[in-house]
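Listed here are the chains, written in short residue letters.
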Amino acid sequence: MRQTRNFSIVAHIDHGKSTLADRLIQKAGLISERDFHDQLLDDMDIERERGITIKSNTVTLPYRDEAGQDYDLNLIDTPGHVDFTYEVSRALAACEGVLLLIDATQGVEAQTLAHLYSALEHDLTIVPVINKIDLKAADVERVKEQIGSDLGLDPDEAVLISAKTGQGVEEILKAIVERIPAPAQRSAEPLACLVFDAYYDSFRGTVVSFRIVSGRLEPGDVIRFFSNGATHTVEEIGRFSLKHKPTRAMQAGDVGYLIAGIKTVSDVLIGDTFTHKHCPAEKPLPGFKEVKPVVFSSIYPISSDDYPALSDAMEKYKLNDAALTYQKDTSIALGQGFRCGFLGLLHLEVAQERLEREYGQSIIMTMPSVRYRFVLSNGQAVEVDNPAHFPDPVQVRVSEEPFILTSIMIPDRYMGAVMQLCLDCRGVNSSFSYPAPGRMEIHFDLPLAEVIFDFYDKLKSITQGYGSFDYELIGYRPSDLVKLDILVNSEPVDALATMIHRDRARTRALQICKRLKDEIPRQMFKIAIQGAIGSTIIARTNISAFRKDVTAKCYGGDVSRKRKLLEKQKRGKKRMKMVGQVQIPQSAFVSVLRTQKD
Amino acid sequence: MASRERPGLYIHVPFCERKCPYCDFYSVPLAGSRAGIGGYLESVACEWRQAASGWPAFDTLYIGGGTPSVLDPEQIASLLDTARASLAQPAEITVELNPADVRAALLAALRAAGVNRLSLGVQSFADDELAWLGRRHDSAAAVRAIALIREADFGSLGLDLIYALPGQDPSRWRRNLQRAVALAPEHLSCYALTVAPGTPLWRRAARGEIVTDEDASAALFLDGSRLLCDAGYEHYEVSNFARLAGDPGASLRSRHNQKYWSRTPTLGLGPAAHSFDGERRWWNARDLDGYAAALAERGDARAGEERIDAAMARLEAIALGVRTADGVALAVVGDEQRCNVDRICDAGWATRREGALCPTREGLLRADGIARLLGSDPDT
Ligand SMILES: Nc1nc2c(ncn2[C@@H]2O[C@H](COP(=O)(O)OP(=O)(O)OP(=O)(O)O)[C@@H](O)[C@H]2O)c(=O)[nH]1
Ligand code: SF4
Ligand SMILES: [Mg+2]
């Protein structure tokens, strides 16, 4: 009788999760040497380009221990970046244990702790693993100490490995089967399966990743989703064996995929439970905690005609990115779109790239914003993440913005420049430490809004790429907030409005005015571009008009050409936005909004 | 909208002694060999036989190029003879000449053949500018040619000039115009130098060797227009000026070219020539060999054709009308463009006159932009 173990590999970013998964996959003989490449599970283009994991990935490894017992080890490789913690928390719901990796040269870091806590919350068995022991800079003793003091785990239980060389991988496998408990034997109970991920396949419909918590499931079964009562007949179930591998039956404790001809994307909700239509489970399993987005931006199709296509793509994309929140939004300048919430700036960038690459959408995103808080004169408290809903300044008694505690690691020679950067970004409460000779850790309280604007790019450039940074939200603090409007010939362009600290408004306004000036082609009439807070103009620039707009010659052969140019511009104008009698090419929005970070 | 005027006839002579670096007309450099000319003349005669049927008598004939004056006088005369039977009386008969080719014998032959208007490609009265433009005459040759033409007593003489050469000083352009005015031509065409794709000049611009300046060009345009109007000329199209004649309102405009701007039918013969019969526009094969081959095979030189519907006709009428002093009929522009018409008038680019929107000097300078405004669908 085969046994099952379900576990995730969790760690701070870059501590070697995917590399360890590689070794385990190779050890299990799932792939030939010829087909193998590093970070095998990171199969998305963006993951490969950025060298990080963005989506959790499941793979089932066959394993036989020394006693000859056969196992199916369901491994879930998770992302380490803080923006994707929701991926990790969902993976944990499908597991009985985790391998908590710690880079022997870095030691315990912010996400190490965060993942430890969520594993404890799920009551999971934790196997501490010290990785990268092959490196000269590895300091196993220090890390062991941290495991004891910072994590409260037994340092002697740590498994020492090098995911790169494969050293210690055998012990890992042993620890998995010996220490991580087998899933509870509840196959005889009514079916209850937790949906923890999904994606849309245009041929087969929605493909659902699930964990059977109780009961048995077979193709041909009729299942029902708790959230909306939708029923479907199971066409295929199977395991993740790098490729999907259909099986005839699955039971409590198994992790797998389900295909049931689900063409209606909205039938599937991540965190939902499905059961049998007949003889159902009494109640759904506890789902997932709701995610709280921290960064907001609106997405519009480049061409307004593409809104229905974007709407369809958003729905399908959301299926595979459960952390994304969105709702309809409209702009006078850009038409219909969606207001989206993200867990961070990287999440936002990834969503934008995936919508463009995987779903073929051409989109514009408005300037990212955080969620501000206002207490109005009538005592009412409101949260605003969309400049369109900025309260009337006269009514505002208190305004607050979210602050983060950052931890910035740099070689100490960059200290001066980084301090200055943080101060420029309205940083307060600084402190430092020297975790290793020549290395320095700087802490600052910073407004989140500063960080999502261009902080990271600046940090990278002033530290020549050596600076890394991490943050956690620490709450709201009073702030002097204003709404910055951008006016073209005195008419506001709603898609370019931003909420911003008063001290930063002028610089930003000048920057946007200049960008628009560069991007809006000269036209017949002079164009005035202004930045304004309420009725006060704080920045202005003009685009001078053409002095000359005529071709020298127009004889018999030129008439058709002239007419065709006019016909062409007539068609082209559909892609122009009219603001204050000025034609603003869509491309001007794109470049103003896209190049916001330089 | 096509007028009931008589049509015009155009014959394209696709030969030049050598190619000028800025030119994008279709013409073949002869480079000493005149071998292709005989075949060309036969082809035109053949095309005429096929194409002319159904056309009413023409009251203008324009032999342009290329450089018609590289042909022998008898050859030009034979082109004229081709169509003579279909010319109304009186007809405006124009031939384009290169100053380097002007000789008394040529002029006499043209006069005898009935030519009553000459267009002379002077381009500039400054020898350094002529050299830069790659022309094969100098200013002395131009002055000599004009004197000969005056002696031969042609009714009407037009001069072509080019301005806005890179870095051209406004005073040099003014001096060119003053020299022209002193010679009292009936007509002047002043073209801003255009860097046309595919020309040697364009390649130089792409390499950054020459820089054009639209603002400077605009200043020269305005300056030139003022100077010529003060000197008794009428600025009647973006690049064209006609001397005002004795009667008020009468001037010595090119009747032939006005047919293009008023959408009057014109028949074009020769390679790359375009035609318009009021409903359709068509154009001949652009290269000499293709032209001759098409005629030999099909008896037809057309390379393409389009039917002009009402919306297309409207756009054409606007685009062409706003380039001329007579303007475009407000009825053509349409009432829903009232807002744009107001903006244009308020900006001082046009005035409403007798049911037409007539561009001012500043308006002519922006004719393409105005056409875009008026041609577009009204903003909502
Ligand atoms: N020397 C050495 N390098 C390692 C070891 N394990 C991983 N690395 C390297 O560390 C880097 C990060 O490894 P990944 O496996 O992508 O890290 P990860 O934890 O999956 O990263 P995210 O998914 O982005 O959180 C890569 O360059 C690996 O080659 C190890 O044991 N020794
Ligand atoms: S002479 Fe006239 S047609 Fe011939 S190449 Fe020069 S500009 Fe062009
Ligand atoms: Mg990874």
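On a predicted model such as this, the values are computed, not experimentally measured, just so you know. Here the residue numbers are simple positions, counted from 1 along each chain's written sequence. Numbering of ligands from 1 and lettering of chains from A proceed in the order in which they are written. For a predicted model such as this one, the threshold for reporting local features is a pLDDT of at least 70, and the threshold for listing and counting side-chain atom pairs is 80 or more; totals across whole chains, interfaces and linings nevertheless cover every residue. Excluded from the side-chain calculations are hydrogens and water; all other atoms, namely the structure's heavy atoms, are used.

1. Comments concerning the overall build of chain A
A run of H or I in DSSP counts as a helix once it spans at least four residues, and a run of E counts as a strand once it spans at least two, with each numbered from the N terminus. A count of helices and strands for chain A gives 13 helices and 33 strands. What the globule rule says is 2.2 Å times the number of residues to the power 0.38, and the radius of gyration is computed from C-alpha atoms. The C-alpha radius of gyration computed for chain A amounts to 28 Å, which stays within 12% of the reference 25 Å derived for 598 residues, consistent with globular compactness. Across its three principal axes, chain A shows a C-alpha extent of roughly 90 × 60 × 60 Å. Under the scheme applied here, a residue whose accessible area is under 20% of the maximum for its type counts as buried, over 50% as exposed, and between as partly exposed, the area being computed with a 1.4 Å probe on protein chains only. Buried residues in chain A amount to 56% of all 598 residues. Taking the contacts inside chain A whose residues are at least 6 apart along the sequence as the reference set, 69% of them involve residues at least 24 apart. With the model as given, the accessible surface of chain A reaches about 25800 Å², and the carbon-plus-sulfur share is 49%. When charges are counted, Lys and Arg are positive and Asp and Glu negative, with His and the chain ends excluded. We put the charge of a Lys on NZ, of an Arg on CZ, of an Asp on CG and of a Glu on CD. In chain A, 74 side chains carry a positive charge and 80 a negative one; their mean positions are 10 Å apart. Contacts were defined at the residue level, with two residues in contact if any of their heavy atoms lie within 4.5 Å. Using the Shrake-Rupley algorithm and a 1.4 Å probe, accessible areas are obtained, with residue cover drawn only from the displayed protein chains.

2. Overview of the site of ligand 1
All names here are of chain A. Taken together, 18 residues sit near ligand 1, with Lys17, Ser18, Thr19, Thr53 and Asp134 positioned nearest. Throughout this description, a polar contact denotes any pair of N or O atoms lying within 3.5 Å of each other; where both atoms belong to protein, one of them has to be capable of donating a hydrogen while the other can accept it, and for residues adjacent in sequence the pair is counted only when both atoms sit in side chains. Contact between ligand 1 and Asp14: an oxygen atom at 3.1 Å from a main-chain N or O atom of the residue. One nitrogen or oxygen atom from the side chain of Asn131 is found 3.0 Å from an oxygen atom belonging to ligand 1. When the free accessible area of ligand 1 is taken as 650 Å², the share hidden by the protein chains comes to 84%. Consider each residue's heavy atoms; a residue with any of them within 4 Å of a molecule or strand counts as near.

3. Looking at the coordination of the magnesium ion (ligand 3)
All names here are of chain A. Those protein atoms acting as donors to the magnesium ion (ligand 3) are Ser18 (OG) and Thr53 (OG1), and they sit at 1.9 to 2.0 Å. Note that Ser18 is positioned in helix H1 (residues 17–27) and Thr53 in the loop between helix H2 (45–50) and strand E2 (57–64), a separation of 35 residues in sequence. Thr53 carries the same exposure label as Ser18, and that label is buried. Only N, O and S atoms count as donors, using a 2.8 Å limit from the metal and a wider 3.2 Å limit for Na, K and Ca, and since water is excluded some coordination spheres may look unfilled.

4. Some thoughts on the domain arrangement of chain A
All names here are of chain A. What the domain assignment reports for chain A is domain 1 (3–179), domain 2 (192–276), domain 3 (295–365), domain 4 (372–478) and domain 5 (484–593). Delimitation of the domains relies on an automatic or database domain assignment. Just the C-alpha atoms count here: the centres of domain 2 and domain 3 sit 27 Å apart. With nine residues of domain 2 at the contact, the number on the domain 3 side is five residues. Both faces combined, the contact of domain 2 with domain 3 buries some 650 Å², and carbon together with sulfur accounts for 70% of it. For salt bridges, the criterion is a side-chain nitrogen of Lys or Arg within 4 Å of an Asp or Glu carboxyl oxygen. For the pair domain 2 and domain 3, the interface holds zero salt bridges. Two parts placed together each lose some accessible area; with a 1.4 Å probe, that loss summed over both constitutes the buried area.

5. Description of the interface of chain A and chain B
Between chain A and chain B, the contact holds 27 residues from the first and 46 residues from the second. Both faces considered, chain A and chain B share a buried interface measuring about 3500 Å² in area, 57% of it formed by carbon and sulfur atoms. The largest per-residue losses of area from chain A upon contact with chain B belong to A:Arg547, A:Lys548 and A:Tyr555, which jointly make up 20% of the total buried on that side. Counting every contact that joins chain A to chain B gives seven salt bridges.

6. Here's the deal with the pairing of strand E7 (residues 156–163) of chain B
All names here are of chain B. Counting buried positions along E7 yields eight of eight residues, so the element is predominantly enclosed. Across the two faces of E7 the burial is the same, with Ser156, Gly158, Asp160 and Ile162 and Leu157, Leu159, Leu161 and Tyr163 all buried. When DSSP finds at least two bridges between two strands, those strands are taken to pair. As paired elements, E7 and strand E8 (residues 187–192) share six bridges and run parallel to each other. Within E8, the position partnered with Leu159 by the bridge is Leu188. Seen with its strands pointing away from the viewer, a crossover is right-handed if its path from the first strand over the helix to the second goes clockwise. Between E7 and its parallel partner E8, the chain crosses via helix H6 (residues 170–182), and the hand of that crossover is right-handed.

7. Focus: the side chain of B:Asp368
Following the sequence through the fold, B:Asp368 ends up in helix H15 (residues 367–375). Here B:Asp368 falls in the buried class, since its relative accessible area comes to 13%. Once residues within four sequence positions are removed from consideration, B:Asp368 is found in contact with A:Asp549, A:Val550, A:Thr551, A:Lys562 and B:Arg323.

8. Quick word on the pattern of salt bridges
The final tally for this structure, using the stated rule, is 70 salt bridges over all chains. Note that A:Glu450 and A:Arg426 form a salt bridge whose closest N and O atoms lie 2.9 Å from each other. With a gap of 24 residues between them, A:Glu450 in helix H10 (residues 448–462) and A:Arg426 in the loop between helix H9 (415–424) and strand E24 (428–436) connect regions that are remote in the sequence. A:Lys562 is paired through a salt bridge with B:Asp368; the nearest N and O atoms lie 3.5 Å apart. Placement of the pair is A:Lys562 in helix H12 (residues 559–572) and B:Asp368 in helix H15, with the two residues belonging to separate chains. A single burial state applies to A:Lys562 and to B:Asp368, both of which are buried. What emerges from the salt-bridge pattern is a single network uniting A:Arg563, A:Lys564, A:Glu567, B:Arg263, B:Arg281, B:Glu306 and B:Glu316.

9. Side note on the pairing of strand E31 (residues 536–543) of chain A
All names here are of chain A. Sheet analysis places strand E30 (residues 527–533) next to E31, joined by seven bridges and oriented antiparallel. Of the residues in E31, the one forming a bridge with Ala528 is Asn542. The hairpin turn running from E30 into E31, its antiparallel successor, is two residues long, and Gly534 in that turn takes a positive phi close to 60 degrees.

10. Looking at the packing of helix H11 (residues 310–321) of chain B against H15(B)
All names here are of chain B. Running from N to C, H11 and H15 cross one another at 150 degrees; their axes reach a closest spacing of 8 Å. When the axes of H11 and H15 are compared, the pair comes out roughly antiparallel. Seen along the crossing, H11 lies across H15 with a hand that is right-handed. Between H11 and H15, the contacting residues are Arg314, Leu315, Ile318 and Ala319 on the first element and Ala371, Leu374 and Gly375 on the second. Fitting a line to C-alpha atoms yields each axis, with helices limited to the stretch in contact; the angle taken between N-to-C directions then spans 0 to 180 degrees. For this classification, under 35 degrees means roughly parallel, over 145 means roughly antiparallel, 65 to 115 means roughly perpendicular, and everything else is oblique. The sense of a crossing depends on the near helix, which, turned anticlockwise from the far helix by less than a right angle, makes the crossing left-handed and, turned clockwise, makes it right-handed.

11. Brief notes about helix H5 (residues 139–152) of chain B
Count 3.6 residues to each turn of an α-helix, and residues three or four apart come out pointing the same way. Residue and element names in this part refer to chain B. With 14 residues, H5 should reach 20 Å at 1.5 Å per residue; the first-to-last C-alpha distance of 20 Å fits that figure. Considering only its buried residues, H5 is in contact with helix H3 (104–112), strand E6 (117–123), helix H4 (127–132) and E7. Downstream of H5 by a residue or two, Asp153 has a phi angle that is positive, lying close to 65 degrees. The span you would expect from a helix comes to 1.5 Å times its residue count less one.

12. A look at H11(B)
Residues and elements named next belong to chain B. An ideal rise of 1.5 Å per residue puts 16 Å on 12 residues; H11 measures up with 16 Å between its terminal C-alpha atoms. The element H11 is extensively covered by neighbouring structure, given that 10 of its 12 residues are classed as buried. If you check which residues of H11 are buried, you get Met312, Ala313, Arg314, Leu315, Glu316, Ala317, Ile318, Ala319, Leu320 and Gly321. Between the side-chain oxygen at the start of H11 and the backbone nitrogen of Ala311 there is a gap of 3.1 Å, and the oxygen is on Asp309.

13. Re unusual backbone geometry
With an omega of 25 degrees, the peptide bond between B:Gly65 and B:Gly66 qualifies as cis. Looking at the element boundaries, B:Gly66 is found in the loop between strand E4 (58–65) and helix H2 (73–84). The omega torsion of the bond from B:Gln89 to B:Pro90 falls at -10 degrees, within 30 degrees of zero and hence cis. Following the sequence through the fold, B:Pro90 ends up in strand E5 (residues 87–97). Phi at A:Leu242 takes a positive value of approximately 65 degrees, unusual for a residue other than glycine. Tracing the backbone shows A:Leu242 in the loop between strand E12 (236–241) and strand E13 (243–247). Positive phi, normally seen in glycine, also occurs at B:Gln123, with a value near 70 degrees. With a relative accessible area of 7%, B:Gln123 lands in the buried category.

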